[in-house]
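Residue-level structural notes
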Amino acid sequence: MTAASPTAAPSTASTTAAAAEFIDIRQTFGDFTAVDGLNLTVEQGKITTLLGPSGCGKTTTLRMLAGYTTPTSGTIRIAGEDATRLPPEKRNLGMVFQSYALFPHMTVADNVGFGLKLRRVPVEERRKRVADTLDLVGLGHLAGQRPKKLSGGQQQRVALARAIAIRPSLLLLDEPLSNLDARLRVQMRAEIRRIQAETGLTVVLVTHDQDEALEMSDAMVLMRAGRVMQSGSPAEVFPRPANRFVAEFLGYENFVERDGRLLTVRPEHLEISTGPATEGARLALPATVTRVAYRGVDRHIALTTQGTGDEPVPLIAALRADETGPDPRPGDQVTVVARPDRVVELAG
Amino acid sequence: MKARPIAAALAVLGYVVMLVPILFVVGGAFTAGSTLKFPPEGFSVRWFGEAVANESFSQALTSSLLLAVVSTALALAVGVPVALALHRGHIPGRSLLEGLFLSPLVIPELVIGLALYQQLMIGLKQTSFLALLVGHTVLLMPYAVRVTGASLALADQSLEEAARGLGSSPWHAFRTVTLPLLRPGVMSAGLLGFITSFNNVPLSLLLQSRDFGTLPVTMLDYIQQSYDPVIAAMSTLILAGTVVIAVIAERTVGFTKIFGGIN
């Protein structure tokens, strides 16, 4: 995964590992710029996640890749070929819609076989491939049912099976788990990873859920206002957010300015000391406890510290609830510290 | 459950208002006497025999059925694509266009009828059938556009996109996915259209001729001349025909499904 920042030169080499490439893509709808100078390479056989808040351009990017909308300018390559203006039916991509978009007047098997019929796969082989694909998603027993009779999770699997059955060059998932309840959502993350591993498919996943992105991605691309903010593997991006937007999106909640530099620390990496500053700590801020919230696994301690200006800076420290140690109360004067390797310096 | 005496009373009143007049007509049709009266004097089915044997009635029935079927088909042939364009296309002046196709609902039928009479029958010397066909087709347009549109609004547009993504051409996606989902809406629009055309009086009254009269108008003429039970027998036969159609519709597609497009 190499997603260049919007300012970097577009990659011109179409290497064999690229399943799809976006080169200088811009998409405007009237006055609204949905995608603004996107350069992105989707690598073969991996799960690439487009992550960001609503309106960041992630869904538009996916729809351009699928061919449902044509970019205002720029080039999209699929498997090295220019596909910018290719209609969706000529792209051979499997798409799972947020609403699943199952054909209500067809059985599960007919839904899954729809694309195979269009590809003139002979009846016998078609039947076998439909059965195999349904088995892959664990729904072999529901082949004769209408989609309406199925639960949300089952419908989701049918949509997945329908997209996979055509043996697409790319599998596109648009917020595939957002309509499922929390427990099922976590199950399906692992399930999609398993299916991806078994099939070796290249997957592009759109989500606004950072946990989903972190767990499922080989590569994640954080987007905001039509631009790529940062990209890389979850293990690269999560501990080293490049800017305040990415940091906030990934759950960094403490931002302090020190010597003209913007620093951030995750709540669980802030420690509270009642004594003087620990030796070697990068941050050592005098602070006042404003509120304590018990949350089961941890306690959230809200504090304020003096910033560079007149405004007090709010801080959040998450202490493990079962930890023996300081027991701060509202009004306490404490020192907030963090280990140097926990403090991330942001570009802006 | 809590008893709701007022609601129950209103429901009963509603049934009475709707059903009692029908009862009078049906009862009157079986009279053995020679005037239209309720309660009927004795029991006989001879008025049904006369109604069926009445040549002007059977001719008018054929005319009415022909007119209703053709005008409904025409209204659907125009209205369904219009509904599609209004809901799916990005056309300028959308609401204006929709208003145009719904306007026959508010324009008095006599005005439409008079205009067609002047222009088509007098001006262009066309037959009364053609004038009636145009009139009824215009009259049914709002049903075709509105009812089909309502069922179209329920059909998620991503379904067509999904079909495209799986390899369908736009036309194939429309034919295999959108059209089947549209069917209940088209059926209900067709049924409503047929009934509206079949029952129409004002337009038919203005545009009829000696060669071509619809059943309601012919029956109206008949009542003005002779007030006998034949008319009640004819009404009862129409009622029976409607019930049969309704039962068939319920058995084949289901009423809830046909009218599901509206709600």
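Not measured: the values here are computed from a predicted model.

Moving on to the domain arrangement of chain A. Residues and elements named next belong to chain A. Under the domain assignment, chain A is made up of domain 1 (18-244) and domain 2 (255-346). In this structure, domain 1 and domain 2 have C-alpha centres spaced 40 Å apart. Taken together, the contact between domain 1 and domain 2 spans seven residues of the former and eight residues of the latter. Summed over both sides, the interface of domain 1 with domain 2 buries roughly 570 Å², with 62% coming from carbon and sulfur. Where domain 1 packs against domain 2, one counts zero salt bridges. For the pair domain 1 and domain 2, the interface holds zero residue pairs in polar contact (both at pLDDT 80 or more). A breakdown of the residues in the side of domain 1 that touches domain 2 according to their chemical character gives four nonpolar, one polar and two charged.

Buried within helix 2 (residues 108-118) of chain A are the following residues: A:Val108, A:Asn111, A:Val112, A:Gly113, A:Phe114, A:Gly115 and A:Leu116. Tucked inside the fold, the buried residues of helix 2 of chain A contact helix 3 (123-136) and helix 4 (152-165) of chain A together with helix 7 (157-165) and helix 8 (170-199) of chain B. Directly beyond the C-terminal end of helix 2 of chain A, a positive phi value near 55 degrees is found at A:Arg120.

All names here are of chain A. One pass over the structure, following the stated rule, counts 23 salt bridges over all chains. Here Arg299 ties to Asp327 by a salt bridge, and the two come within 3.3 Å at their closest N and O atoms. Of this pair, Arg299 sits in strand 15 (residues 298-306) while Asp327 sits in the loop between strand 16 (312-320) and strand 17 (333-338), placing them 28 residues apart in sequence. Within the structure, one salt-bridge network assembled from shared partners comprises Arg157, Glu191, Arg194 and Glu198.

Further remarks concern the side chain of A:Thr264. All names here are of chain A. As for its placement among the helices and strands, Thr264 is situated in strand 12 (residues 261-265). Note on Thr264: relative accessible area 0%, which makes it buried. From its side chain, Thr264 meets the backbone oxygen of Asn254 in a polar contact 2.8 Å long.

We now examine the confidence of the model for chain A. Overall, the prediction assigns chain A a mean pLDDT of 87, with 93% of residues at 70 or greater. Long-range and interchain partners of residues 1-15 of chain A, a stretch whose pLDDT sits below 50, account for 31 contacts in this model, where long-range means more than four residues apart.

Our focus in this paragraph is the packing of aromatic side chains. Residues and elements named next belong to chain A. Overall, the coordinates contain seven aromatic pairs over all chains when judged by the stated rule. Summarising the aromatic geometry, the rings of Tyr68 and Phe97 are spaced 5.9 Å apart at their centres and angled 45 degrees between planes, so their arrangement reads as tilted. In this pair, Tyr68 sits in the loop between helix 1 (58-66) and strand 4 (73-78) while Phe97 sits in the loop between strand 6 (93-96) and helix 2, placing the two residues 29 residues apart along the sequence. Neither residue differs from the other here; Tyr68 and Phe97 are each classed as buried. One cation-aromatic arrangement involves Arg162 over Phe103; the distance from NZ or CZ to the ring centre is 4.6 Å. Above the face of the Phe255 ring, Arg244 is positioned so that its terminal group lies 4.2 Å from the ring centre.

Residues and elements named next belong to chain A. Its identity as a non-glycine residue notwithstanding, Asn92 has a phi of 55 degrees, on the positive side. One can find Asn92 in the loop between strand 5 (81-82) and strand 6. Asn92 gets classed as partly exposed once you look at its relative accessible area, which sits at 25%. At Ala225, a residue that is not glycine, the phi angle is positive and equals roughly 45 degrees.

Next up on the list: the packing of helix 4 (residues 94-102) of chain B against helix 6 (residues 128-154) of chain B. All names here are of chain B. Packing of helix 4 against helix 6 leaves a shortest axis separation of 7 Å and a crossing angle of 135 degrees. It follows from the interaxial angle that helix 4 and helix 6 lie oblique. Two secondary-structure elements touch here, helix 4 through Glu98, Phe101 and Leu102 and helix 6 through Met141, Pro142, Val145 and Arg146.

This next bit is on the interface of chain B and chain A. Interface size is commonly expressed as the accessible surface area that is lost when the partners come together. Taken residue by residue, the interface counts 18 residues in chain B and 20 residues in chain A. Considering only the side of chain B, the residues that lose the most area to chain A are B:Glu161, B:Arg164 and B:Leu166, jointly responsible for 39% of the buried surface there. The interface formed by chain B and chain A contains two salt bridges. Of all elements in the fold, only helix 7 and helix 8 of chain B reach the threshold of two or more residues within the side of chain B that touches chain A. Per-element accounting of the side of chain B that touches chain A gives the leading share, seven residues, to helix 7 of chain B.

Attention now moves to the sheet that holds strand 5 of chain A. All names here are of chain A. Ordered in space as 2-1-4-5, the four strands form an open sheet in which the pairing is antiparallel. Across the chains shown, the open sheet's two edge strands, defined by having one partner strand only, are strand 2 (32-43) and strand 5. As judged from the nine bridges shared by strand 1 (residues 18-29) and strand 2, these two strands associate in the antiparallel manner. Each bridged residue has a counterpart across the sheet, and for Arg26 the counterpart in strand 2 is Asp36. Contacts from helix 1 reach strand 1, strand 2 and strand 4, with the element oriented near 120 degrees to strand 1.

Residue and element names in this part refer to chain A. Taken in spatial order, the six strands of this open sheet run 6-7-8-3-9-10, and their pairing is mixed. The sheet is open, and its two borders are formed by strand 6 and strand 10 (227-232), each paired with just one other strand. Averaged over neighbouring strand pairs, the angle between their axes works out to 15 degrees when direction is ignored. As paired strands, strand 3 (residues 47-51) and strand 9 (residues 219-224) are joined by four bridges and run parallel to one another. Note that in strand 9 the partner of Thr48 across the bridge is Ala219.

Quick look at the confidence of the model for chain B now. Detailed conclusions should not be drawn from predicted coordinates in areas where pLDDT is low. The predicted model of chain B has a mean per-residue pLDDT of 81, with 94% of residues at 70 or higher. In the model of chain B, helix 12 (residues 255-258) of chain B stands out as the element of lowest mean pLDDT, 57, in contrast to helix 7 of chain B, which has the highest, 90.

Our focus in this paragraph is empty space enclosed by the protein. A full pass over the atoms with the stated rule returns two cavities of 30 Å³ or more. Considering the residues around the largest cavity, the lining is formed by A:Tyr68, A:Leu93, A:Gly94, A:Met95, A:Phe97, A:Arg162, A:Ala163, B:Ala162, B:Gly165 and B:Leu166. Where the lining of the largest cavity is concerned, the elements lending two or more residues are strand 6 and helix 4 of chain A together with helix 7 of chain B. If you tally residues by element for the lining of the largest cavity, the top one is strand 6 of chain A, at three residues. In this model, the second largest cavity occupies a volume close to 40 Å³. Lining the second largest cavity are B:Arg88, B:Ala155, B:Asp156, B:Gln157, B:Leu159, B:Glu160, B:Val177, B:Thr178 and B:Leu181. Looking at the lining of the second largest cavity, the elements with two or more residues in it are helix 7 and helix 8 of chain B. Here the residues of the lining of the second largest cavity sort into four nonpolar, two polar and three charged.

Quick notes on the rules
Residues numbered from 1 in each chain as written. Chains lettered and ligands numbered in written order. Predicted model: local features only at pLDDT ≥ 70, side-chain atom pairs only at ≥ 80, totals over all residues. Heavy atoms only, no water. Domains from an automatic or database assignment. Contact = heavy atoms within 4.5 Å. Buried area = accessible area lost by both parts, 1.4 Å probe. Salt bridge = Lys/Arg side-chain N within 4 Å of Asp/Glu carboxyl O. Polar contact = N/O pair within 3.5 Å; in protein donor to acceptor, adjacent residues only side chain to side chain. Nonpolar A, V, L, I, M, F, W, Y, C, P; charged D, E, K, R; others polar. Buried < 20%, exposed > 50% of the residue type's maximum accessible area, 1.4 Å probe, protein only. Helix = DSSP H or I, 4+ residues; strand = E, 2+ residues; numbered from the N terminus. pLDDT = per-residue confidence, 0-100. Phe/Tyr/Trp six-rings, centres within 6.5 Å; stacked < 30°, edge-to-face > 60°. Lys NZ or Arg CZ within 6 Å of the ring centre and 35° of its normal. Axes fitted to C-alpha atoms, helices over the stretch in contact; angles between N-to-C directions. Parallel < 35°, antiparallel > 145°, perpendicular 65-115°, else oblique. Pairing = 2+ DSSP bridges. 1 Å grid on protein atoms, 1.4 Å probe; cavity = no way out; pocket = protein on both sides within 12 Å on 5 of 7 lines; lining within 4 Å. Points joined across faces, edges and corners; volume = space filled by probe spheres on them.

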